[in-house]
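What follows is the residue order along each chain.
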Amino acid sequence: MDGFGNINWWGFSPSIDILELCGEHLKTNEETINILLMNCGDQRIIIDSLKSKKKVNKKIRFFVLEKMLELYARDLLLLSIIFEHPQKTGVLLKAENFLEIYGNLFIRENTANLIRLKSNEFIKFITDLDYLSKSNLNMFNFSLLKFKERDFLEGIFKFWRIKETNKDYFPAEKCWDVRLRNYFGNRYDSRLNAYDWDFSMKLMDRKNCSIINHKIYAKWRDTGVAFELRDVNYDTPNKTLASGMIMNDPRSGDKTSRRGYFGDIIVGPYLSYGIEHENAEFFKKTNDYHRYSATDVSKANLEKLIGEILGLGGHQSLESKLSEMKIVEVSEEQEMTSDEYFRLEDVEIVFLPLSSAHDFVQKKQI
């Protein structure tokens, strides 16, 4: 396995607004705009495109196709964070929770509790589509998935909601170290120099990538923690970054299933939200050093996007609503329900079966 892994937990390019990109091509007589997203790796295009929905004044239907069901589960989780009601969770906390789950191999215990609470609700969504259709998150559509795929998703959410004390279910630190050792081989002991080389020779010359900051990049390469948004301990494994893989057992030679971290270990989760922003102040330098980092840019971008999406839900603008928003720490005793989300009208996110790409080819041949 190479450094990119076999599953894309995040995209390797900045997010784009499909509705704005297509522009005049969207001016048709059709009432619904259908957008197919294949192997995007995350939900960045959906989030970025929603901000332009008011301009087109039509129903938007996203068809999402990935190669692994763990990505569908992550899409549901991260988008649900954005769709939480603003009176329950403020924009700042939403952005922090999103980035923490999105790019950190280790998260805070409070964030892990949030994932467990949401997992209980997601299990109801997957196992009872009528319950989902009556909820405020009815923009998600799992009806096209096969029964075995929905069963697999249910298993993922049940894995997420397990509260283990010894972290044996997902030994994240060990999984990350195994990936590093396999990738570097004999160079493992000099890996810190390799991080510096990769950043200086492969990232620095790309547009705005120098804002990532080589120290932050090196720490992510060594520990898996990309976004440190608070001065707290990030010590709970992020089970949303765990995936399964079929491999050969070196002792018996038989095929066996293993759970671990099989994602990217060389690029990082910064490119999606952290290297572009309309405010040029973020990219100014002092003594040839950036004043801000990709973490600051990612957080600012998400706060802006979340504020614009709140407007689609019939809420006031971010500036006028900010004083009324509450930041609430989620405790284990609380139970999250679909009423704690705001409803987004004329938007549908359809998750396609994993075999859909093959079906597209067959239909074209026919």
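In this text, all values refer to a predicted model and were calculated from it rather than measured experimentally. (Residues numbered from 1 in each chain as written. Predicted model: local features only at pLDDT ≥ 70, side-chain atom pairs only at ≥ 80, totals over all residues. Heavy atoms only, no water.)

1. Describing the overall build of the protein
Tallying secondary structure elements over the protein gives 14 helices and 10 strands in all. Looking at the 366 residues of the protein, the share that counts as buried comes to 53%. Here the protein displays about 18100 Å² of accessible surface, and carbon together with sulfur accounts for 48% of that area. (Helix = DSSP H or I, 4+ residues; strand = E, 2+ residues; numbered from the N terminus. Buried < 20%, exposed > 50% of the residue type's maximum accessible area, 1.4 Å probe, protein only. Areas by Shrake-Rupley, 256 points an atom, 1.4 Å probe, with all protein chains shown as cover.)

2. What about the sheet that holds strand β2 (residues 59-65)?
Pairing in this open sheet of four strands is parallel, and the strands run β1-β2-β10-β4 from one edge to the other. Unpaired on one side and paired on the other, β1 (32-38) and β4 (140-141) mark the two borders of the sheet. (Pairing = 2+ DSSP bridges.)

3. A word on the packing of helix α5 (residues 91-103) against helix α6 (residues 109-127)
Between α5 and α6, the least distance of the axes is 11 Å, while the angle of their chain directions is 85°. Taken together, the axes of α5 and α6 lie roughly perpendicular to each other. Here α5 contributes Asn 97, Glu 100 and Ile 101 to the contact with α6, which in turn contributes Thr 111, Leu 114 and Ile 115. Grouping the constituent residues of the contact of α5 with α6 by class yields three nonpolar, two polar and one charged. (Axes fitted to C-alpha atoms, helices over the stretch in contact; angles between N-to-C directions. Parallel < 35°, antiparallel > 145°, perpendicular 65-115°, else oblique. Contact = heavy atoms within 4.5 Å. Nonpolar A, V, L, I, M, F, W, Y, C, P; charged D, E, K, R; others polar.)

4. Focus on helix α4 (residues 69-82)
Between the first and last C-alpha of α4 there are 21 Å, a value that for 14 residues agrees with the 20 Å anticipated at 1.5 Å per step. In terms of burial, α4 is a largely internal element, 14 of the 14 residues being buried. (Expected span 1.5 Å × (residues − 1).)

5. Focus on the pattern of salt bridges
Scanning the model with the defined rule gives 19 salt bridges in all. Across the salt bridge formed by Lys 59 and Glu 348, the nearest N and O atoms sit 3.5 Å from each other. Of this pair, Lys 59 sits in strand β2 while Glu 348 is found in strand β10 (residues 347-351), placing the two residues 289 residues apart along the sequence. Classification of Glu 348 as buried rests on a relative accessible area of 16%. With its nearest N and O atoms 2.9 Å apart, the salt bridge here joins Arg 230 to Glu 96. With a gap of 134 residues between them, Arg 230 in the loop between α11 (214-223) and β5 (236-237) and Glu 96 in helix α5 connect regions that are remote in the sequence. The buried category is assigned to Glu 96, whose relative accessible area is 6%. Here the salt bridges do not stand alone but share partners, grouping Asp 17, Asp 48 and Lys 51 into one network. (Salt bridge = Lys/Arg side-chain N within 4 Å of Asp/Glu carboxyl O.)

6. Regarding the environment of Arg 150
Note that Arg 150 resides in helix α8 (residues 147-160). For Arg 150, a relative accessible area of 13% gives the class buried. Residues Arg 150 and Ile 126 lie 24 residues apart in sequence; the distance between their C-alpha atoms is 6.2 Å. Leave out the neighbours within four places in its chain, and Arg 150 touches Ile 126, Leu 129, Phe 142 and Leu 145. Engagement of the side chain of Arg 150 in a polar contact is seen with the backbone oxygen of Ile 126, the distance being 3.3 Å. (Polar contact = N/O pair within 3.5 Å; in protein donor to acceptor, adjacent residues only side chain to side chain.)

7. Looking at the confidence of the model for the protein
Residues of the protein with pLDDT of at least 70 account for 89%, and the chain-wide mean is 87. Note on residues 314-322: pLDDT under 50 across the span, and 11 contacts to partners over four residues away in sequence or across chains. (pLDDT = per-residue confidence, 0-100.)

8. Some thoughts on the packing of helix α9 (residues 172-184) against α11
Pairs of packed helices are described in terms of their axes, by the angle between the two and the distance that separates them. Where α9 meets α11, the closest approach of the two axes is 8 Å, and the angle between their N-to-C directions is 100°. Relative to α11, the element α9 is oriented roughly perpendicular. Contacts between α9 and α11 involve Trp 176, Leu 180, Tyr 183 and Phe 184 on the former and, on the latter, Trp 220, Arg 221, Asp 222 and Thr 223.

9. A word on the packing of aromatic side chains
In total, this model carries 23 aromatic pairs according to the counting rule given. Between Phe 83 and Phe 140, the ring centres sit 6.3 Å apart and the planes meet at 55°, which makes this aromatic pair tilted. Here Phe 140 lies in strand β4 and Phe 83 lies in the loop between α4 and α5, a separation of 57 residues in the sequence. In this pair, the class of Phe 83 matches that of Phe 140, namely buried. With centroids separated by 5.9 Å and ring planes inclined at 80°, the aromatic side chains of Phe 83 and Phe 342 adopt a geometry described as edge-to-face. You can see Phe 83 sitting in the loop between α4 and α5 and its partner Phe 342 sitting in the loop between α13 (318-321) and β10, a full 259 residues away along the chain. Judged by its relative accessible area of 0%, Phe 83 falls in the buried class. On the basis of relative accessibility, which here comes to 3%, the residue Phe 342 falls in the buried class. (Phe/Tyr/Trp six-rings, centres within 6.5 Å; stacked < 30°, edge-to-face > 60°.)

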